[in-house]
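Given next are the chains, with one letter for each unit.
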Amino acid sequence: MTQMRFEVTGMTCGGCAGRAQRALQAVEGVTEASVNLATRTAQVDSGVGAEALQSALKTAGYPAAESRVRLEIEGMSCASCVGRVEKALAAVPGVLEARVNLTAQSADVRILSGSVTPEALAETVTGAGYPATPVMGDAAPDAGERQAAEAAAFRRDALIAGALTLPVFLGEMGGHLVPALHHWIMATLGQGLWWSVQFVLTTLVLIGPGRRFFRIGLPLLAKGAPDMNSLVALGTLAAWVYSTIALFAPALLPDSARAVYFEAAAVIVTLILVGRWLEARAKGRTGAAIRHLLDLRPEVARVERDGSTVEVAFAELRKGDILQVRPGERIATDGVVLTGRSFVEESMVTGEPAPVEKSEGAQVIGGTVNGAGALRVQAQAVGADTVLARIVALVEQAQGAKLPIQALADKVVLWFVPAVLAVAAVTVLAWLVFGPGLTFALVAGVSVLIIACPCAMGLATPVSIMVGTGRAAELGVLFRKGEALQRLEDVRVMAFDKTGTLTEGKPALVRSVAAPGFVADEVLRIAASAEQGSEHPIARALEAAAGEVPAAESVEAVPGNGLRAVVEGRKVLVGHARFLAREGLDMAALSDTLAEMERAAQTPVVVAIDGKLAGAFAVADRIKPGARAAVAALKQAGVQVAMISGDSRAVARAIADELGIDHVEAEVLPEGKVDAVRHLREEFGAVAFVGDGINDAPALAEAEVGLAIGTGTDVAIESADVVLSSGAVAGAVNALHVSRNVMRNIRQNLVWAFGYNVALIPVAAGVLYPVTGLMLSPMLAAGAMALSSVFVLTNALRLRGMQGSLDEPAAQATATQKEALA
């Protein structure tokens, strides 16, 4: 039985506290429970886990408050280490979930708020054999420094071990290859002194650079929870003890078995340290995306305070500060432009290469680069509330995720090290009984221990996730939930919301046609002038297309039809074709044009001037740039494309035909989008849904993978698994591309890691000796083990060069920027 104290939310009165208390008391295994309304806490004596208590309170309507704790952990070297740390954390009362990242050497722990302190969690992990410390606040830069320090420590130890090992290795192995060298050593030093030199140098290697293996591995072995360090410690210790006995107490061994393997112990430690150094260097590069994002924040900003302009450190910025941003500078934080006009390069945050025009009232993102104009910006978000900070948080969360594919590796690794110890013991016994003797038994046993270290298995999945999600963020794809990285690969249909996702979400002028005797631009100018006072979206579209127009002298609205106006002394009619026909105008000159507009699902606006038909304008929700290319790319990738829209079937079908979409769910009410997703799943299989509005949130949650357009609402983004920060449809294609590349990379790593151990453990045990007469040297085993981990890391790092499968062209924007600022 354990006692737990934690926070409860949602209580407003004594009745609430009573209901929450009864809900806890009803949980099987709870012996006593009390809820305090004043402190908003619950105290429970039970033998059940935190999840059951959380579920009971959530059902009652008073969910327990949750919080997250992050720990930095030292000494983890393989997947079995990860399993032990997670198991130790999960056993702590109040812990809901623990995820350990081998690559980042960290743990992310979800707890019931107030139930356990970060220090207690760190103490638990330390007690399990892995020194841990809590991380306070944003420690991502410190994590990079820690990885650099770790790499430097391994480099130092590897160089020291190498310097001590080199004379032993050259003398012993060189003597086997060059008999003259062996005879020279025997003649000058003699066997006893030469073995003594090897003993001294090897002992220095083991108690110096190699002591880390014994400091971690032997205590874990004593606890019955051996890890990779235990295997190395056992293997090198066996070789050292056997050699020491042969040197100082040879009578204990038969004459044929009196040999030393000091060079094996020294070389094993040196090679593994070199491998760890290379691993540490590679792991340092896996966090490059996070560091790159954090580097986007400028150290200082120029702020207007008390009538003067001063430089203020980033951490001291306050909401409401007025920032002065000079040409070429980075914008310090999120805000709105007060004055000025410029083009801002946002690709480092959104993934979109085209610079975006900013003028008064426009939103800007911290970390982006100002172009050739000067801006005054009012800060609207600072610190953890900025877009950049939220992106970093999302990437860190995704990088620490565990994918379903990792479950197999975790299950294998949990029993892998004990199984290796058993195989090594059986190998030694088999060689003692059936083989030439003790020497062969020692060589085979040590080789099995060394070559079977599951480092590569532990790194196979997390390092690919870390590099892949980091690179995805640079491409404008943010995985809020790491599991989506695997699920997205399996989707069979990608469904898009229409308005705001495939289209711009606001009507725009798409076609202008003038009747005989009139000029289209002039007709548009007069029509826009007549529409100036209207709030209708179509009126706004005409105004936006016409630019600056004169004021109308008089305007009379005709509800449901259009309007009458006088502009520059001319009588103007603007509205539906049926309205103008009812006013006596002959529509024959534009009848074919109007029919074409209706077939294309465009809204026609007809204009008459001084009693004559003057022209027609088509207004429609314009398709987003790149939408056609995105649909084509998805089809080419073997994914069906569908569109779900609340618009009429004719409008939806017209948009779908223009984009090349085959499957359309039209006239769908917001609550019907979930049913549309289910229908698509029944017809095709796993569904990914892309949307941006509040009414898309249920469908985003229903789909196997929900992708939210980053320019959409907060509700949609919170319901999604993936956020497309650029707002471009191309982001959906890039998300699929990233998913497939990362999953392929993970499978390559797992096949190598498992295949390496399956193939080489029998070789190390000596199965080839009866046929070939060859035994695998422990030194070669150590080298192969180190190279295996380096292979996995190097393969994962290839993802850093992954390119988006679909990019928006930037050339036109660059030309527009030069023209606008000229």
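Residues numbered from 1 in each chain as written. Predicted model: local features only at pLDDT ≥ 70, side-chain atom pairs only at ≥ 80, totals over all residues. Heavy atoms only, no water.

**Some words on the overall build of the chain**
For clarity, the threshold we go by: Helix and strand assignments come from DSSP, with helices taken as H or I runs of at least 4 residues and strands as E runs of at least 2, each series counted from the N terminus. Three exposure classes are used, based on accessible area relative to the maximum for each residue type with a 1.4 Å probe and protein chains only: buried under 20%, partly exposed in between, and exposed over 50%. We call two residues in contact whenever any of their non-hydrogen atoms come within 4.5 Å of each other. Computed with a 1.4 Å probe, the accessible areas rest on the Shrake-Rupley method; for each residue, only the protein chains presented here act as cover.
Along the backbone of the chain there are 32 helices and 29 strands. For the chain, with 822 residues in total, the buried portion stands at 53%. Considering only intrachain contacts with a sequence separation of at least 6, the fraction spanning at least 24 residues in the chain is 68%. About 34,800 Å² of surface is accessible on the chain, with carbon and sulfur atoms providing 57% of the total.

**Considering the UniProt feature "transmembrane region" (unreviewed entry) in the chain**
In plain terms, the rule: UniProt positions are given in the numbering used here, feature names are shortened, and annotations may be inferred rather than shown by experiment.
The feature "transmembrane region" (unreviewed entry), as annotated in UniProt, sits at residues 158-181, 193-210, 231-253, 259-278, 412-434, 440-461, 750-769 and 775-797 in this numbering. Secondary structure content for residues 193-210 is 83% helix and 0% strand, while the C-alpha to C-alpha distance between its ends is 24 Å. A distance of 25 Å separates the end C-alpha atoms of residues 231-253, which is 78% helix and 0% strand.

**Here's the deal with the packing of helix H15 (residues 438-451) against helix H29 (residues 730-765)**
Rule in force here: Lines are fitted to the C-alpha atoms to define the axes, a helix being fitted only along its stretch in contact, and any angle between axes, read from their N-to-C directions, falls within 0 to 180 degrees. Here is the rule for angles: anything less than 35 degrees is roughly parallel, anything more than 145 is roughly antiparallel, 65 through 115 is roughly perpendicular, and the remaining ranges are oblique. Handedness of a crossing follows from how the near helix is turned relative to the far one, being left-handed for an anticlockwise turn of less than a right angle and right-handed for a clockwise one. The classification used treats Ala, Val, Leu, Ile, Met, Phe, Trp, Tyr, Cys and Pro as nonpolar, Asp, Glu, Lys and Arg as charged, and all other residues, Gly among them, as polar.
Contact geometry for H15 and H29: axes closest at 8 Å, N-to-C directions at 165 degrees. When the axes of H15 and H29 are compared, the pair comes out roughly antiparallel. Of the two elements, H15 crosses H29, and the hand of that crossing is right-handed. For the pair formed by H15 and H29, the contact residues are Ala444, Ser447, Val448 and Ile451 on the first element and Tyr756, Asn757, Leu760, Ile761, Ala764 and Ala765 on the second. Residues of the contact of H15 with H29, tallied by class, amount to eight nonpolar, two polar and no charged.

**Focus on the environment of Glu66**
Our working definition: Under this definition, polar contacts are N or O atom pairs within 3.5 Å; protein pairs additionally need one hydrogen-donor-capable and one acceptor-capable atom, and for neighbouring residues in sequence, both atoms have to be side-chain atoms.
Mapping Glu66 onto the fold places it in strand E4 (residues 66-73). Along the backbone, Glu66 and Val8 are 58 residues apart, and their C-alpha atoms lie at a distance of 9.2 Å. Contacts of Glu66, omitting those with residues within four sequence positions, involve Gln54, Leu96, Arg110, Ile111 and Ser113. A polar side-chain atom of Glu66 sits 3.0 Å from a polar atom in the side chain of Arg110.

**Focus: the pattern of salt bridges**
For clarity, the threshold we go by: Whenever Lys or Arg places a side-chain nitrogen within 4 Å of a carboxyl oxygen from Asp or Glu, that contact is recorded as a salt bridge.
According to the stated counting rule, one finds 29 salt bridges in the structure shown. Close ionic contact of Arg99 with Glu97 constitutes a salt bridge, the shortest N to O distance being 3.1 Å. On the accessibility criterion, Arg99 (23% relative accessible area) is partly exposed. Using a relative accessible area of 26% as the deciding quantity, one classes Glu97 as partly exposed.

**Comments concerning the sheet that holds strand E23 (residues 603-609)**
Note the following rule: The pairing criterion is simple: DSSP has to find at least two bridges between the two strands.
Taken in spatial order, the six strands make up an open sheet running E19-E24-E23-E22-E21-E20, and their pairing is antiparallel. Two strands lie at the open edges of the sheet, namely strand E19 (503-514) and strand E20 (554-558), each paired on one side alone. Across this sheet, the average inter-strand angle for adjacent strands is 20 degrees, counted without regard to direction. Inspection of the sheet shows E20 paired to strand E21 (residues 562-567) by five bridges, in the antiparallel sense. Bridged to Val558 within E21 is Gly562.

**Here's the deal with the side chain of Asn745**
For Asn745, the position within the fold is in helix H29. A polar contact is formed between the side chain of Asn745 and the backbone oxygen of Asn795, at a distance of 2.9 Å. Not counting the four nearest positions on each side in its chain, Asn745 is found in contact with Ser464, Asn795, Ala796, Arg798 and Leu799.

**Let's talk about unusual backbone geometry**
Both trends apply: most residues other than glycine have a negative phi, and most peptide bonds are in trans. In this structure, Asp306 is a non-glycine residue whose phi angle is positive, near 55 degrees. On the secondary structure map, Asp306 appears in the loop between strand E8 (300-305) and strand E9 (308-313). Despite not being glycine, Asp610 shows a phi value in the positive range, around 50 degrees. Inspection of the secondary structure puts Asp610 in the loop between E23 and strand E24 (612-623). By relative accessible area, which is 44% here, Asp610 ends up partly exposed.

**Observations regarding a nonpolar patch on the surface**
Note the threshold: Patch criteria: residues need more than 30% relative accessible area and no salt bridge. Like-charged residues are merged within 9 Å; nonpolar side chains of Val, Leu, Ile, Met, Phe, Trp and Tyr are merged within 5 Å.
Judged by side-chain polarity, Leu429, Leu432, Val433, Phe434 and Leu438 come together as a nonpolar surface patch covering roughly 530 Å² of accessible area. Counting residues per element, the nonpolar patch draws most heavily on helix H14 (residues 406-434), at four residues. Structurally, Phe434 is set in helix H14. Exposure remark for Phe434: the relative accessible area of 73% places this residue in the exposed category.

**Re the pairing of strand E16 (residues 375-381)**
Bridge analysis of strand E10 (residues 322-325) against E16 gives four bridges, and the strand direction is antiparallel. Note that in E16 the partner of Val325 across the bridge is Leu375. Judged from the six bridges that link them, strand E11 (residues 334-340) and E16 form a sheet pairing that is antiparallel. Bridging across to E16, Asp334 finds its partner in Ala381.

**Overview of the sheet that holds strand E2 (residues 30-36)**
Taken in spatial order, the three strands of this open sheet run E1-E3-E2, and their pairing is antiparallel. In this open sheet, the two edge strands, each paired with only one partner strand, are strand E1 (2-7) and E2. Averaged over all neighbouring strand pairs, the angle between strand axes comes to 15 degrees, with direction disregarded. As paired strands, E1 and strand E3 (residues 41-46) are joined by six bridges and run antiparallel to one another. Bridge assignment links Glu7 to a residue of E3, and that residue is Thr41. Against the sheet, helix H1 (residues 14-25) engages E1, E2 and E3, with an angle of about 165 degrees to E2.

**So, the nonpolar core**
We apply this condition: Definition of nonpolar core: a set of buried residues of the types Ala, Val, Leu, Ile, Met, Phe, Trp, Tyr and Cys, connected through side-chain atoms within 4.5 Å.
Counting residues in each nonpolar core, the largest one holds 136 residues, and the members touching the most others are Leu71, Leu89, Leu121 and Leu488. For this core, the leading source of residues is H29, giving 14 residues. Phe6, Met11, Val27 and Ala42 belong to the second-largest nonpolar core, a separate cluster that totals 23 residues.

**Here's the deal with helix H23 (residues 591-599)**
Here is the rule: Our arc is simply the arc of the directions from the helix axis toward the C-beta atoms.
All of the buried residues in H23 are Thr593, Leu594 and Met597. Along the long axis of H23, the arc covered by the buried residues comes to 100 degrees, so they all point the same way. Facing away from the buried side of H23 by over 90 degrees, the exposed positions are Asp592, Glu598 and Arg599. Once H23 ends, the next one or two residues include Ala601, with phi positive near 60 degrees.

**A closer look at the packing of helix H9 (residues 228-248) against H15**
For the pair H9 and H15, interaxial distance at closest approach is 8 Å and the crossing angle is 160 degrees. One element, H9, and the other, H15, form an angle in the roughly antiparallel class. The handedness of the crossing between H9 and H15 comes out as left-handed. On the side of H9, the interface is formed by Leu231, Val232, Leu234, Gly235, Ala238, Ala239 and Tyr242, while H15 contributes Leu438, Thr439, Leu442, Val446, Leu449 and Ile450. Across the contact of H9 with H15, the residue classes break down as eleven nonpolar, two polar and no charged.

**Here we look at the packing of aromatic side chains**
As a reminder, the rule being used: The aromatic pairing rule takes the rings of Phe, Tyr and Trp, using the six-membered ring of Trp, and pairs them if the centres are within 6.5 Å, calling planes under 30 degrees apart stacked, those over 60 edge-to-face and the rest tilted.
Summed over all chains, the structure comprises five aromatic pairs. With a centroid separation of 5.9 Å and an interplanar angle of 25 degrees, the aromatic rings of Phe199 and Trp240 are classed as stacked. A residue pair is termed long-range when its members are at least 10 positions apart, and Phe199 in helix H7 (residues 190-207) and Trp240 in helix H9 qualify at 41 residues. Arranged with centres 5.9 Å apart and planes meeting at 70 degrees, the rings of Phe199 and Phe262 form a pair that is edge-to-face. With Phe199 in helix H7 and Phe262 in helix H10 (residues 262-286), this pair connects stretches of sequence that are 63 residues apart. In textbook terms, an aromatic cluster arises when at least three aromatic residues are bridged by ring pairs, as seen for Phe199, Trp240, Phe248 and Phe262.

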